[in-house]
Amino acid sequence: MQNAKLSEDGQILTVLSDNGSALRFHAIWLRDNAQDPETRQPDNGQRLIALRDIPDTIRMSRMDQDGSALTLTFAPENKTVCYDLGWLTAHTYDRPSERTPGWRPDHIKLWDGRLAGAVPAADFDAVHSSGDVMRNWLSGIRRYGFGKLAGGPVESGALLKVVDLFGYVRETNYGKWFEVRTEVKPSNLAYTGLGLQAHTDNPYRDPVPTLQVLYCLENSAEGGENMVVDGFHAAERLRQENEHWFDLLSRHCVRFEYSGSDGVFLRSRRPMIELAPDGEMIAIRFNNRSTAAITDVPFDIMQEYYAAYRRLGEIIDDPAMQVSFKLEPGESFIVDNTRVLHARKGYSGAGSRWLQGCYADRDGLLSTLAVMETQSLEAAE
Ligand code: FE2
């Protein structure tokens, strides 16, 4: 059972739980988050008022509690609004304000090479026919930033059917999708047989594509294995080894550029480790091929910046951090390109290697997953 009480000046509501926790809410926050039909449109849930519609002298003049239902009257509006104590508890903001730089939300799980046996993987037909399989697969991708799909058709363009599962292709100057196979005069080193250091794709775009799908059509060449690394884990390892180096890579911007095709000159300016203002790990950008001259690190810091950059690369190159696999025709994998780096080993000799790749966006995937989770919760009730 929860109980609520008002402060004498009507500015603070405190919700007390049996376990002794006390969650405080401000009058202005409560009024702004009223769920009544004059404040929120009931059908689409969008807010109908702007903050300017709420007097800055707002306070609570009366409180009535009936079980978990709380009724508050606001002055000077003399407006009465109902709240559910469970909703308030679920939306608390009364917590210690300091968090460790690089913190992640609870649904993000860091991993290393030991994930190899537990990679989120599903069958192409099964994700198309079963909501449960699809939900579990997407949920695994949200947790680990990586997932595999097997048993798909071996036909050009099949990768679009993977994206159709959850969202939309992000078209770029490389087209709706691009061919990853050896070209005679490549516009990108990806289109050669060279091995590539683990990287995130297209850091020179702003915004960066947040998902990438790589789909295998032929893979009989010697080598050419794919490899993935959890960039959030690599950054966290760097922080644990040397907090100052972590700070250097998160506080200074790098320049990324690409101008390998006619009519294209893409540039961005972002840190290798991007944090939100409150320290949340937002994104990793790491790509030796497209890092331009770094000119935003002050002279006195540059030497040490390079030491930090080198160490992050060493952690990424550490085999203990890596999950490797060789794709069969009809197999594909998807990475969260803001978090998980991918690489491939060099290949040559007899046989062929042909992959197709495309970009998509994570917000669409997370939206599809959130809808499925809400539906499955409702079905369970
Ligand atoms: Fe790539």
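Just so it is clear, the structure is predicted and the values come from calculations on it, not from any experiment.

Caption draft 1: Summary view of helix α4 (residues 131-144). The end-to-end C-alpha distance of α4 is 20 Å, a good match for the 20 Å that 14 residues give at a rise of 1.5 Å each. Among all positions of α4, only Met134, Arg135, Trp137, Leu138, Ser139, Gly140, Ile141 and Tyr144 are buried. Gly145 lies just past α4 and shows a positive phi near 70 degrees.

Caption draft 2: Summary view of the coordination of the iron ion. Around the iron ion, the protein supplies His199 (NE2), Asp201 (OD) and His342 (NE2) as donor atoms, at distances of 2.1 to 2.2 Å. Read in sequence order, the donor residues for the iron ion give the motif H-x1-D-x140-H. Exposure class is identical for His199 and Asp201. Each is buried.

Caption draft 3: Summary view of the pattern of salt bridges. For the coordinates displayed, the defined rule picks out 24 salt bridges. Residue Arg31 pairs with Glu77 through a salt bridge whose shortest N-O separation is 2.7 Å. Placement of Arg31 in helix α1 (residues 27-32) and of Glu77 in the loop between β5 (69-75) and β6 (79-84) is noted, with a sequence separation of 46 residues between them. The class of Glu77 is partly exposed, set by a relative accessible area of 27%. The salt bridge involving Asp36 is made with Lys79; its shortest N-O contact spans 3.0 Å. Highlighted residues: Asp36 in the loop between α1 and β4 (59-66) and Lys79 in strand β6, separated in sequence by 43 residues. Judged by relative accessible area, which is 12%, Asp36 ranks as buried. The network of salt bridges with common partners includes Arg237, Glu241, Arg311, Glu314 and Asp318.

Caption draft 4: Region of interest: the environment of Thr368. Positionally, Thr368 belongs in helix α9 (residues 362-380). Thr368 gets classed as partly exposed once you look at its relative accessible area, which sits at 21%. When sequence neighbours within four positions are dropped, the list of residues in contact with Thr368 reads Met134, Leu138, Leu165 and Phe166.

Caption draft 5: Summary view of the side chain of Ser250. Along the chain, Ser250 falls in helix α7 (residues 243-251). Given the relative accessible area of 13%, Ser250 is considered buried. If we ignore the near neighbours within four places in the chain, the residues touching Ser250 are Pro271, Ile273 and Leu275.

Caption draft 6: Molecular detail of the layout of surface pockets. The volume enclosed by the largest pocket comes to roughly 390 Å³. Lining the largest pocket are 27 residues, and of these Asn188, Ala190, His199, Asp201 and Arg289 lie nearest its centre. Contributions of two or more residues to the lining of the largest pocket are made by β9 (178-180), β10 (196-199), β11 (211-219), β14 (254-258), β20 (340-344) and β22 (353-360). A per-class count over the lining of the largest pocket returns 13 nonpolar, nine polar and five charged.

Caption draft 7: Structural detail: the domain arrangement of the chain. When cut into domains, the chain gives domain 1 (3-90) and domain 2 (113-372). Between domain 1 and domain 2, the C-alpha centre-to-centre distance is 44 Å.

Caption draft 8: Inspection of the sheet that holds β6 at higher detail. Taken together, three strands build an open sheet; the order of strands is β4-β5-β6 and the sheet is antiparallel. Each edge of the open sheet is held by one strand with a lone partner, namely β4 and β6. Averaged over all adjacent pairs, the angle separating strand axes in this sheet is 25 degrees, with direction ignored. Of the strand pairs in this sheet, β5 and β6 are connected by six bridges, and their pairing is antiparallel. Considered in β6, the bridge of Leu70 is made with Tyr83.

Caption draft 9: Region of interest: the sheet that holds β22. Spatially, six strands are ordered β7-β8-β19-β11-β22-β9 in an open sheet, and the strand pairing comes out mixed. A strand with exactly one partner marks an edge of an open sheet, and here the two such strands are β7 (121-123) and β9. Looking at each pair of strands side by side, their axes are set apart by 25 degrees on average, direction ignored. Two strands pair when backbone bridges link them, and β11 and β22 are joined in this way by eight bridges, in the antiparallel orientation.

The rules behind each value
- Every chain begins its residue count from 1, and numbering advances along the sequence as written.
- At least 70 in pLDDT is required for a residue's local features to be given in this predicted model, at least 80 for side-chain atom pairs to be given and counted, and no such filter applies to totals for whole chains, interfaces and linings, which use all residues.
- Only hydrogens and water are set aside when side-chain values are computed; all heavy atoms of the structure are taken into account.
- We count a stretch as a helix when DSSP gives it H or I for four or more residues in a row; a strand needs E for two or more, and each element gets its number in order from the N terminus.
- To estimate the expected span of a helix, subtract one from its residue number and multiply by 1.5 Å.
- Relative accessible area decides the class of each residue, using a 1.4 Å probe on protein chains only: under 20% of the type maximum gives buried, over 50% gives exposed, and in between gives partly exposed.
- Atoms are scored as donors when they are N, O or S and lie within 2.8 Å of the metal, with 3.2 Å used for Na, K and Ca; no water is included, so coordination may look incomplete.
- For salt bridges, the criterion is a side-chain nitrogen of Lys or Arg within 4 Å of an Asp or Glu carboxyl oxygen.
- Residue contacts follow a heavy-atom distance rule, with two residues in contact if any of their heavy atoms lie within 4.5 Å.
- In this analysis, the protein atoms alone were mapped onto a 1 Å grid. Cavities are point sets where a 1.4 Å probe fits without being able to get out; pockets are open sets with protein on both sides within 12 Å along at least five of seven lines; lining residues have an atom within 4 Å of a point.
- Grid points are joined across faces, edges and corners, and a volume is the space filled by probe spheres set on the points.
- Lys, Arg, Asp and Glu make up the charged group, whereas Ala, Val, Leu, Ile, Met, Phe, Trp, Tyr, Cys and Pro make up the nonpolar group; the residues left over, Gly among them, are polar.
- Either an automatic procedure or a domain database provided the assignment from which the domain bounds are taken.
- Two strands form a pair only when DSSP identifies at least two bridges running between them.
- In this description, a line fitted to the C-alpha atoms serves as the axis of each element, helices being fitted only across the stretch in contact, and the angle between N-to-C directions of two axes falls anywhere from 0 to 180 degrees.

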